[in-house]
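Chain by chain, the residues:
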Amino acid sequence: MFRLLRPLCVLLFLLASASVARAQFVVYELRFKELPGSVNFSFYTGAYVIAPVTGGAASIVFTTENGGNFYAASSNSVTYHVATNGGVRKAAISALAINGTARAFYSISGFLNSTMGYTAEGKNLSTEVATDIKGMLQASDEASIAQDADGHAALGMIGMASITGTLRYDLSQMANKDTSTMSDALSMIAGLLEKYGYKPDTGEVADEPVAAPQMIEPKDEDITELFGGASASTATESVAVEQAVEGADASLFPPMRFEED
């Protein structure tokens, strides 16, 4: 049976200029968990945020295991900064998306409780980092139309999800050693995901009944440990990865699937 793909296409739109110098990055792994009270809410189960160590525009690679393993990359679409007041110092990641009637915002932060070394202009430096971050996503869309498990129309969407994140020292070191630009680092993460069976989220679906997309609660054996010992060279070995990442604008939401009468 033919299926019509209709993604919500909520685009991240925060932009930043690219640096010509070799950049240094921190990489965070995020996990999302739907909160009670959400209606017709579909979201990715995780993400990787790649941010400049000194703050600024960051990039994100969403991941989902809903209906298969998929990823969606968005370059320079998130902001990373440090907020301070007296003795309180926190790292923060945030993004806003607006498209038509759809709105989504998320904010994540964590106390600066560790340091990470990096190299800039030939000098060995260090910066304070948060090893753990947490926050919340809030999203709504008055015009979104989905289907419930019985095939009935389900109008509108309101969703909330908690977000937890961990600083990935291993991925940060790989990005700083083997990449020089944000685009390179984004391709590195996408390449590693493809090595472990993830595919670009193009919205193509199998020809069998699909229930309304729901948030998948992360399993204990999630992909946190997948990248141990992986080679960053996989990112540059696949032209498909580069094509999937270059100029990409990821939707904040996975594709929603409908049956055509």
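Above this text you will find the structure in question.
Here the residue numbers are simple positions, counted from 1 along each chain's written sequence. This being a predicted model, a pLDDT of at least 70 is required before a residue's local features are given, and a value of 80 or more before pairs of side-chain atoms are given or counted; all residues contribute to the totals for chains, interfaces and linings. Heavy atoms from the whole structure form the basis of all side-chain values; hydrogens and water molecules are not counted.

**Describing the overall build of the protein**
Let me state the cut-off plainly: In this description a helix means any DSSP run of H or I spanning at least four residues, a strand means any run of E spanning at least two, and both kinds are numbered starting from the N terminus. Three exposure classes are used, based on accessible area relative to the maximum for each residue type with a 1.4 Å probe and protein chains only: buried under 20%, partly exposed in between, and exposed over 50%. In this description, contact between two residues means that some pair of their heavy atoms is separated by no more than 4.5 Å. Using a 1.4 Å probe, accessible areas were evaluated by the Shrake-Rupley method; residue-level cover was limited to the displayed protein chains.
For the protein, the helix and strand inventory stands at 3 helices and 13 strands. A burial count over the protein gives 46% of its 261 residues as buried. In the protein, the proportion of contacts linking residues at least 24 apart, taken out of those at least 6 apart, comes to 68%. As presented, the protein carries roughly 12800 Å² of accessible surface, and 52% of it is formed by carbon and sulfur atoms.

**Points about the packing of aromatic side chains**
Operational definition: What counts as a ring pair is set by centres within 6.5 Å for rings of Phe, Tyr and Trp (its six-membered ring), and what kind of pair is set by the plane angle: stacked under 30 degrees, edge-to-face over 60, tilted for all other angles. Charge-over-ring placement is defined geometrically: NZ (Lys) or CZ (Arg) within 6 Å of the ring centre, and within 35 degrees of the ring normal.
The tally for this structure, following the rule as stated, stands at 6 aromatic pairs. An angle of 75° between the planes, with centres 4.7 Å apart, marks the rings of F32 and F43 as edge-to-face. Taken together, the residues span a long stretch of sequence, with F32 in strand β2 (residues 25-34) and F43 in the loop between β2 and β3 (46-52) at a distance of 11 residues. This pair shows no difference in class: F32 is buried, exactly as F43 is. Between F43 and Y44 the ring centres are 6.2 Å apart and the planes differ by 75°, which places this aromatic pair in the edge-to-face class. One aromatic cluster in this structure is built from F32, F41, F43, Y44 and F62. In this structure, K90 is placed above the aromatic ring of F111, and the distance from its NZ or CZ to the ring centre is 4.7 Å.

**Observations concerning the nonpolar core**
The criterion, for reference: We call a set of buried Ala, Val, Leu, Ile, Met, Phe, Trp, Tyr and Cys residues a nonpolar core when their side-chain atoms join them within 4.5 Å.
Core analysis: the largest hydrophobic core is formed by 36 residues, its most contacted members being V26, Y28, L30 and Y106. In this structure, Y28 is in contact with A47, Y48, V49, Y80, I93, V129, A130, I133, T166, L167 and R168, ignoring residues within four places of it in sequence.

**Some words on unusual backbone geometry**
The backbone of N40 shows a phi angle near 55°, a positive value even though the residue is not glycine. Given the relative accessible area of 22%, N40 is considered partly exposed. Here the phi dihedral of N76 falls at roughly 50°; this positive angle occurs in a residue that is not glycine. Considering the arrangement of structural elements, one finds N76 in strand β5 (residues 70-85). Look at N76 and you get buried, because its relative accessible area is 18%.

**Focus on the pattern of salt bridges**
Formally: The working definition used for a salt bridge is a side-chain nitrogen of Lys or Arg within 4 Å of a carboxyl oxygen of Asp or Glu.
For the structure shown, the criterion picks out 4 salt bridges. Notably, a salt bridge pairs R168 with E29, separated by 2.8 Å at the nearest N-O pair. Of this pair, R168 sits in the loop between β11 (153-167) and α1 (169-178) while E29 sits in strand β2, placing them 139 residues apart in sequence. A residue is classified by how much of its surface remains accessible, and R168, at 6% relative accessible area, is buried. Owing to a relative accessible area of 5%, E29 belongs among the buried residues under this scheme. Put simply, E128 and R89 hold a salt bridge, and the shortest N to O gap is 2.9 Å. Taken together, the residues E128 in strand β9 (residues 123-129) and R89 in strand β6 (residues 88-99) connect sequence positions 39 residues apart. In this structure R89 comes out as partly exposed when scored by relative accessible area, which is 34%. The network of salt bridges with shared partners includes E29, R168 and D170.

**A short note on α1**
One full turn of an α-helix is made of 3.6 residues, so residues set three or four places apart face in the same direction. Regarding α1, the residues found buried are L171, S172, M174, A175 and N176. Looking at the buried positions of α1, the neighbouring elements they touch are β2, β3, β8 (114-120), β11 and α2 (182-195).

**So, α2**
Rules: In a helix, the anticipated span is given by 1.5 Å times the number of residues less one.
End to end, α2 covers 20 Å across 14 residues, agreeing with the expected 20 Å (1.5 Å per residue, within 8%). Counting buried positions along α2 gives 10 out of 14 residues, so the element sits mostly inside the fold.

**Comments concerning a nonpolar patch on the surface**
Note the threshold: Excluding any residue in a salt bridge, patches collect residues exceeding 30% relative accessible area, merging like charges within 9 Å and nonpolar Val, Leu, Ile, Met, Phe, Trp and Tyr side chains within 5 Å.
A contiguous nonpolar surface patch, about 240 Å² in accessible area, is contributed by L96, I98 and F105. With respect to the helices and strands, the residue L96 is situated in strand β6. For L96, a relative accessible area of 34% gives the class partly exposed.

**Observations concerning the pairing of strand β7 (residues 102-111)**
The condition that has to hold: Strand pairing requires that DSSP identify at least two bridges connecting the strands.
Along β7, the buried face is formed by A102, A104, Y106, I108 and G110; none of R103, F105, S107, S109 and F111, which line the opposite face, is buried. As defined by bridge partners, β6 adjoins β7 across 10 bridges and the pair is classed as antiparallel. The residue of β7 that forms the bridge with A95 is Y106. The loop that links β6 with its antiparallel partner β7 comprises 2 residues; one of these, G100, has a positive phi angle of about 65°. Pairing between β7 and strand β10 (residues 132-147): 8 bridges, direction antiparallel. From the neighbouring strand, I108 faces β10, where its bridge partner is G135.

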